[in-house]
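Structural characterization, general
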Amino acid sequence: MNKTEMIYEGKAKKVFSTDDDSLVIVSYKDDATAFNGLKKGTIAGKGAVNNRMSNMLMQLLEKEGIPTHFVKELSDRETLVKRVKIVPLEVIIRNVSAGSFAKRYGVEEGIPFDEPTIEFSYKNDELGDPLINSYHALALKLATKEEIETIKKYSFKINEVLKAYFLALNVRLIDFKLEFGRLPDGKIVLADEISPDTCRFWDKNTNEKLDKDRFRRDMGGVEDAYKEIFGRINANK
Ligand code: TMP
């Protein structure tokens, strides 16, 4: 499959069209941003870790009945995926208080929830991805009622699969962000990526952070954290 032209460049990935209209190639960069692009940096080797980890997890989820955009890993950094129209909602599932949840509600990080939570952000950089509820999403025609129900159902199922998977690697899945897309026939599939950029991973024994929070919060050891989590995944294959 040949790349024809770059059709999109985001903060962490580029997307190329191919000879086949229904397929695109995603290319993962080492670039890292935080706070809506205000903080910029590079995390050496991140592109390859995120690409390979995301592909591995999408294949695991497919086996568990979650449809995804994944088609084929082409190289360390490049993957062939189905072309979708991204639903402009960021879906965030949380198992433990952290990040913006802890800040917004004035609670400590690290409090486990009895039940996972779901929230939506309107994917809009100009507005800073504001938090919205499903009624707002309907009012803004970002998705239909049925699509939102499907997205919720898939997201909670993904949480169950990933939580168990990471626990076996001695990792607590604290929270994560998902994006979904529509195929030409309207079917909803999991898109974007699942990686240390989009999840919070804490070591089960020490609660050490093994994710992008080390970059967001200037904690150091960023590359090592990506290597550590990726190493645990590979050791478990
Ligand atoms: P938050 O606590 O900052 O709202 O983040 C929740 C989860 O979503 C966390 O695992 C990191 C991820 N996330 C993204 O993937 N992209 C983003 O732009 C933000 C703000 C968070």
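In case you missed it, the structure is sitting above this.
Residues numbered from 1 in each chain as written. Predicted model: local features only at pLDDT ≥ 70, side-chain atom pairs only at ≥ 80, totals over all residues. Heavy atoms only, no water.

Points about the packing of helix α1 (residues 46–63) against helix α4 (residues 145–167)
Put simply, α1 and α4 touch, their axes get as near as 11 Å, and they point 120° apart. Viewed along their axes, α1 and α4 adopt a mutual orientation that is oblique. In the crossing of α1 with α4, the sense of the turn from one axis to the other is right-handed. In contact with Met53, Met56, Leu57, Leu60 and Leu61 of α1, α4 contributes Ile158, Val161, Leu162, Tyr165 and Phe166. Looking at the contact of α1 with α4 residue by residue, the class counts come to 10 nonpolar, no polar and no charged. (Axes fitted to C-alpha atoms, helices over the stretch in contact; angles between N-to-C directions. Helix = DSSP H or I, 4+ residues; strand = E, 2+ residues; numbered from the N terminus. Parallel < 35°, antiparallel > 145°, perpendicular 65-115°, else oblique. Left-handed = near helix turned anticlockwise from the far one by under 90°. Contact = heavy atoms within 4.5 Å. Nonpolar A, V, L, I, M, F, W, Y, C, P; charged D, E, K, R; others polar.)

Some remarks on the layout of surface pockets
Considering only enclosed or pocket space, the second largest pocket measures out at about 180 Å³ in volume. Arg52, Asn55, Met56, Gln59, Leu60, Lys63, Glu73, Tyr165, Phe230, Ile233, Asn234 and Lys237 together form the lining of the second largest pocket. Looking at the lining of the second largest pocket, the elements with two or more residues in it are α1 and α6 (222–235). No other element matches α1, which puts six residues into the lining of the second largest pocket. Taken together, the residues of the lining of the second largest pocket break down into five nonpolar, three polar and four charged. (1 Å grid on protein atoms, 1.4 Å probe; cavity = no way out; pocket = protein on both sides within 12 Å on 5 of 7 lines; lining within 4 Å. Points joined across faces, edges and corners; volume = space filled by probe spheres on them.)

Considerations on α6
The first and last C-alpha atoms of α6 sit 20 Å apart over 14 residues, in line with the 20 Å expected at 1.5 Å per residue. All of the buried residues along α6 are Val222, Ala225, Tyr226, Ile229, Phe230, Arg232 and Ile233. Buried residues of α6, seen end-on, are gathered within an arc of 155° and therefore sit on one face of the element. Away from its buried face, by an angle of more than 90 degrees, α6 presents the exposed residues Asp224, Lys227 and Ala235. Where the residues of α6 are buried, they touch α1, α4, β12 (171–182), β14 (199–203) and α5 (213–216). (Expected span 1.5 Å × (residues − 1). Buried < 20%, exposed > 50% of the residue type's maximum accessible area, 1.4 Å probe, protein only. Arc of directions from axis to C-beta.)

Re a nonpolar patch on the surface
On the surface, a nonpolar cluster with roughly 350 Å² of combined accessible area is contributed by Tyr105, Val107, Ile111 and Leu131. Along the chain, the position of leucine 131 falls in strand β11 (residues 131–132). (Patch = residues over 30% accessible without salt bridge, like charges linked within 9 Å, V, L, I, M, F, W, Y side chains within 5 Å. Areas by Shrake-Rupley, 256 points an atom, 1.4 Å probe, with all protein chains shown as cover. Salt bridge = Lys/Arg side-chain N within 4 Å of Asp/Glu carboxyl O.)

Looking at the packing of aromatic side chains
In this structure the tally under the stated criterion is five aromatic pairs. Arranged with centres 5.1 Å apart and planes meeting at 85°, the rings of tyrosine 165 and phenylalanine 166 form a pair that is edge-to-face. The class for phenylalanine 166 is buried, based on a relative accessible area of 0%. Residues phenylalanine 166 and phenylalanine 201 carry aromatic rings whose centres are separated by 4.6 Å and whose planes lie at 40° to one another, so their mutual orientation is tilted. With phenylalanine 166 in helix α4 and phenylalanine 201 in strand β14, the pair connects residues that are 35 residues apart, well separated along the chain. Grouping aromatic residues by their ring pairs yields a cluster made of Phe101, Tyr105 and Phe113. The ring of phenylalanine 16 is capped by lysine 3, whose NZ or CZ atom sits 4.4 Å from the centre of that ring. One Lys or Arg, lysine 39, reaches over the ring of phenylalanine 215 and ends 5.1 Å from the middle of that ring. (Phe/Tyr/Trp six-rings, centres within 6.5 Å; stacked < 30°, edge-to-face > 60°. Lys NZ or Arg CZ within 6 Å of the ring centre and 35° of its normal.)

Things to note about the environment of leucine 60
Inspection of the secondary structure assignment puts leucine 60 in helix α1. Dropping the residues within four chain positions of it, leucine 60 is found in contact with Val161 and Tyr165.

Let's talk about α1
Over its 18 residues, α1 runs 26 Å from end to end, which matches the ideal 26 Å to within 8%, given 1.5 Å per residue. Of all the 18 residues making up α1, 14 are buried; the element is thus mostly covered by neighbouring parts of the structure. Glycine 65 occupies a position one or two residues after α1 and carries a positive phi of about 95°.

A word on the side chain of threonine 33
Checked against the element boundaries, threonine 33 lands in strand β4 (residues 31–34). Apart from the residues lying within four places of it in its own chain, the contact partners of threonine 33 are Lys11, Lys39, Lys40, Lys212 and Phe215.

These values are about where atoms sit, not about what they do.
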